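An overview of the molecular structure
The residues making up each chain are set out below.
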Amino acid sequence: MFAPVPQSTGPAEPVLDAWRAGRLEIPWCTSCEAGHWPPQWRCPHCGADTLTRRAASGEAVLESHSRIHHVAEPALRKSLPFDLALVRLREGPRLMGWLLDEPDGGWRIGTPLRVRFPRDPSDPTRSGMPVFEPPAAGHREGACGSDDASARPAPTTGPAAPVASTTGDAAARTTMIGGSLRRSGPDPSGLRGVAVIRGVGDSEIGRLPGRDGLDLCAEAAWRALDDARLRPSDIDALFTAYSTTSPVFVFYGALAEALGIRPAIGLTGNAGGGTAGNLLARAVSTVATGQARHVLVVAGENRLSGMGSAKATQTLASFSHPWFESPYGLTVPAMYALVARRYLHRYGLDRRALAPVAVRTRENAALHGGAHKRDPIDVDTVLGSRPIAEPLHLLDCCLVSDAAGAFIVSTADEADDRSVWIRGVGEQFTHEHLVAAPDDLLDCGARASAARAFGMAGLQPADIGFAQLYDCFTVTPVLLAEALGLADDGQGWRLWADGGGGVDSRLPVNTHGGMLSHAHAGAAGGLLAINECARQVRGGLGSRQVPRHEFGLVHVEGGILSNHTTAILSHDRPPR
């Protein structure tokens, strides 16, 4: 396969120019003797500006892979299916690329690889994007079955190149002791009990032609106001998520006009699917510092009727790096497929372990009258659905919906008898692009955000009665359950096995059906999970009410396991 090397400016251009000449070079810091990827102006490890470029050996190991069956770019469709790889260079950094010379797709994690630069068919003097292939016949098995440490070869030039975890000091302060989360450092408990969720509201959900995202957001906002027994004039701050379907540049301004309010503070945020969690944390800070009494938070889009599945896939491809990931046809499902493959390999599982996640959330959605999808499915249906990016098939992937949600965060002295207390909230960012993810691909920032949330709440995972976990793909809530301390490492999938995850199970998860069955419309998917968590804590939901609802946990993430917010809600006012 051939893809032309894209044009760029800035620190990436010298590396790309070397690629056009068929040379693999990586940025190298002469101060800390470490390579990094993607190229930056300064060393991301030590901050020095003593950067040069070093010729790479071209040797690598396969860290993860996926057979791709669906892409947004028309030029690549004729090559489907093809094999996508995330590889670890001998010098340390990761690269994305295509895998060649394995027509049956029989790749194994840990396989040694070597880089090759295909020639431009129209100009043989120019090379294209690098691809990877086995170095010699009979070498495919290599380190097959090995995991991170044993699969990563030692550097051949210079000292070992340390690959620093981008989670930084916060992650280093987070540990698992005896199955419980512990965190050292600053005490966040001062924010405990300063804010409540006073009202929640959802728009109509599904395919809603004729209704735009602004209309849906206004509907959700009015319902949240009614639920909170507040008037628009009571709102001091309005926080909204981004919109990929609205032509409005400042979305909170357009929504303020639609609601007839003039808030003192306005904000439109963008942290991908994690935006609602970020805005929840900002709302708590805003009321805690006395800047507002009531903060209205809203997110939603008409993504299904206004964009459609194909356009949504193309838009979401912008999460990938424009020069080092996107040219390979990377989509969001493909990136999560690479994570899923890594998880299944590490714990000796196959994709059947993930299928019950989709089945159980669909059963929960059937109890929610407003869910987008309520028809029953079983494990065989999930396994037999159309492949998208292996090991993920269609029913392993979240919906595309028209939907919006809203909630109101208020100060503690504005709480009423239906308010839900925000007991703890924590955040963590790790990376933007998959090639720059933490050294351990499965070590997502949820572990650190949960430690902060539990520390603020003064609780442990065993105290949680139910959880709403971000489920853009079936692998996501499995990884999150382990990172949040709700399951042991490698055992998260068991929460959904044998009837687990349902409203009457040991730990109910995604009681409204999650984004796999309830709704997903941009940042609205995470916001609707926050709303469901608040409703469950309140109680009175009939057949979908969980029995233990004193403490509920909701976790929202965005990007490719990139930014995380964990929130713990409680029925009663927490001690200060």
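Attention in this report is confined to the structure presented alongside it.

So, how was this worked out
- Residues numbered from 1 in each chain as written.
- Predicted model: local features only at pLDDT ≥ 70, side-chain atom pairs only at ≥ 80, totals over all residues.
- Heavy atoms only, no water.
- Helix = DSSP H or I, 4+ residues; strand = E, 2+ residues; numbered from the N terminus.
- Buried < 20%, exposed > 50% of the residue type's maximum accessible area, 1.4 Å probe, protein only.
- Contact = heavy atoms within 4.5 Å.
- Areas by Shrake-Rupley, 256 points an atom, 1.4 Å probe, with all protein chains shown as cover.
- Pairing = 2+ DSSP bridges.
- Right-handed = clockwise from strand over helix to strand, strands pointing away.
- Axes fitted to C-alpha atoms, helices over the stretch in contact; angles between N-to-C directions.
- Parallel < 35°, antiparallel > 145°, perpendicular 65-115°, else oblique.
- Nonpolar A, V, L, I, M, F, W, Y, C, P; charged D, E, K, R; others polar.
- Phe/Tyr/Trp six-rings, centres within 6.5 Å; stacked < 30°, edge-to-face > 60°.
- Salt bridge = Lys/Arg side-chain N within 4 Å of Asp/Glu carboxyl O.
- Left-handed = near helix turned anticlockwise from the far one by under 90°.
- Core = buried A, V, L, I, M, F, W, Y, C linked by side-chain atoms within 4.5 Å.

1. Topic: the overall build of the protein
Scanning the protein for helices and strands turns up 16 helices and 23 strands. Within the protein, the proportion of its 576 residues that are buried is 60%. Sequence-distant contacts in the protein: of pairs separated by 6 or more residues, those separated by 24 or more amount to 74%. Surface accessibility of the protein: about 20,800 Å² in total, with carbon and sulfur atoms responsible for 50%.

2. Structural notes on the pairing of strand β14 (residues 237-241)
The element β14 is extensively covered by neighbouring structure, given that five of its five residues are classed as buried. The alternating pattern of β14 places A237, F239 and A241 on one face and L238 and T240 on the opposite face, and all of these are buried. Examined bridge by bridge, β14 and strand β15 (residues 265-269) share five bridges and lie parallel to one another. Bridge pairing in β15 links F239 to L267. Running through helix α6 (residues 251-259), the crossover from β14 to the neighbouring parallel element β15 is right-handed. Both β14 and strand β16 (residues 294-302) contribute to a ladder of four bridges, which runs parallel.

3. A look at the packing of helix α7 (residues 275-288) against helix α16 (residues 524-538)
Interhelical geometry of α7 versus α16 gives an angle of 55° and a closest axis separation of 7 Å. Taken together, the axes of α7 and α16 are oblique relative to one another. Each of A276, G277 and L280 in α7 lies in contact with α16, whose residues at this interface are G526, L527 and I530. Here the contact of α7 with α16 is built from residues that sort into four nonpolar, two polar and no charged.

4. Regarding the packing of aromatic side chains
For the coordinates displayed, the defined rule picks out seven aromatic pairs. The structure contains a cluster of three or more aromatic residues connected by ring pairs, namely W19, W37 and F324.

5. Examining the pattern of salt bridges
Under the definition given, this model contains 35 salt bridges. Here R211 ties to D215 by a salt bridge, and the two come within 2.7 Å at their closest N and O atoms. Linking R447 and D489 is a salt bridge whose minimum nitrogen-to-oxygen distance equals 3.5 Å. In this pair, R447 sits in helix α13 (residues 446-457) while D489 sits in the loop between α14 (475-483) and α15 (514-518), placing the two residues 42 residues apart along the sequence. Within the structure, one salt-bridge network assembled from shared partners comprises R198, R229, E414, D416 and D417.

6. Quick look at the sheet that holds strand β21 (residues 466-469)
With mixed pairing, the nine strands of this open sheet are ordered in space as β15-β14-β16-β19-β13-β20-β23-β22-β21. In this open sheet, the two strands that pair with only one neighbour each are β15 and β21. With strand direction ignored, the average angle separating the axes of adjacent strands in the sheet is 25°. Pairing of strand β13 (residues 195-202) with strand β20 (residues 420-429), which is carried by two bridges, proceeds in the antiparallel orientation. Its bridge partner being in β20, V196 is matched across the sheet by W421. Of the strands in this sheet, β13, β14, β15, β16, β19 (402-411), β20, β22 (551-558) and β23 (563-570) are in contact with α7, which crosses β19 at around 20°.

7. Looking at the packing of helix α10 (residues 332-346) against α14
Think of two packed helices as two axes; the pair is described by the angle between the axes and how far apart they sit. At a minimum axis separation of 10 Å, α10 and α14 run at an interaxial angle of 55°. Viewed along their axes, α10 and α14 adopt a mutual orientation that is oblique. Every pair of crossing elements has a handedness; the one defined by α10 and α14 is left-handed. Here α10 contributes Y336, V339, A340 and Y343 to the contact with α14, which in turn contributes V475, T476, V478, L479 and E482. Of the residues contributing to the contact of α10 with α14, the split by class is seven nonpolar, one polar and one charged.

8. Focus on the pairing of strand β7 (residues 112-116)
Side chains of β7 alternate between two faces, with L113 and V115 buried and P112, R114 and R116 left unburied. Bridge analysis of strand β4 (residues 59-68) against β7 gives three bridges, and the strand direction is antiparallel. Across the sheet, residue V61 finds its bridge partner in β7, namely P112. The sheet contact formed by β7 and strand β10 (residues 131-133) spans three bridges and is antiparallel. Considered in β10, the bridge of V115 is made with F132.

9. Description of the sheet that holds strand β1 (residues 25-29)
Across the sheet, three strands lie side by side as β2-β1-β3; this open sheet has antiparallel pairing. The open sheet has two edge strands with one neighbour each: β2 (34-35) and β3 (51-55). One ladder, built from five bridges, connects β1 with β3; its direction is antiparallel. What sits directly across from P27, in β3, is R53. Relative to the sheet, helix α1 (residues 12-20) contacts β1 and β3, its axis offset from that of β1 by approximately 145°.

10. Comments concerning the nonpolar core
Core analysis: the largest hydrophobic core is formed by 133 residues, its most contacted members being W19 and L434. Element by element, the count of residues in this core is highest for α10, at ten residues. Discounting residues that sit within four places of it in the chain, W19 has contacts with V5, L24, E25, W37, L95, F117, S127, G128, M129, P130 and F324. Grouped together as the second largest cluster of nonpolar side chains are 22 residues, C217, A218, A220 and A406 included.

11. Details of unusual backbone geometry
In this structure, the amide linkage connecting L80 to the following residue, P81, adopts the cis form with an omega of -10°. The step from E390 to P391 runs through a cis peptide bond, and the omega angle for that step is 15°. Looking at the secondary structure, you find P391 in the loop between β17 (387-389) and β18 (392-393). Although it is not a glycine, L561 sits at a positive phi angle of roughly 55°. Its place among the elements puts L561 in the loop between β22 and β23. L561 sits in the buried class, given a relative accessible area of 3%.

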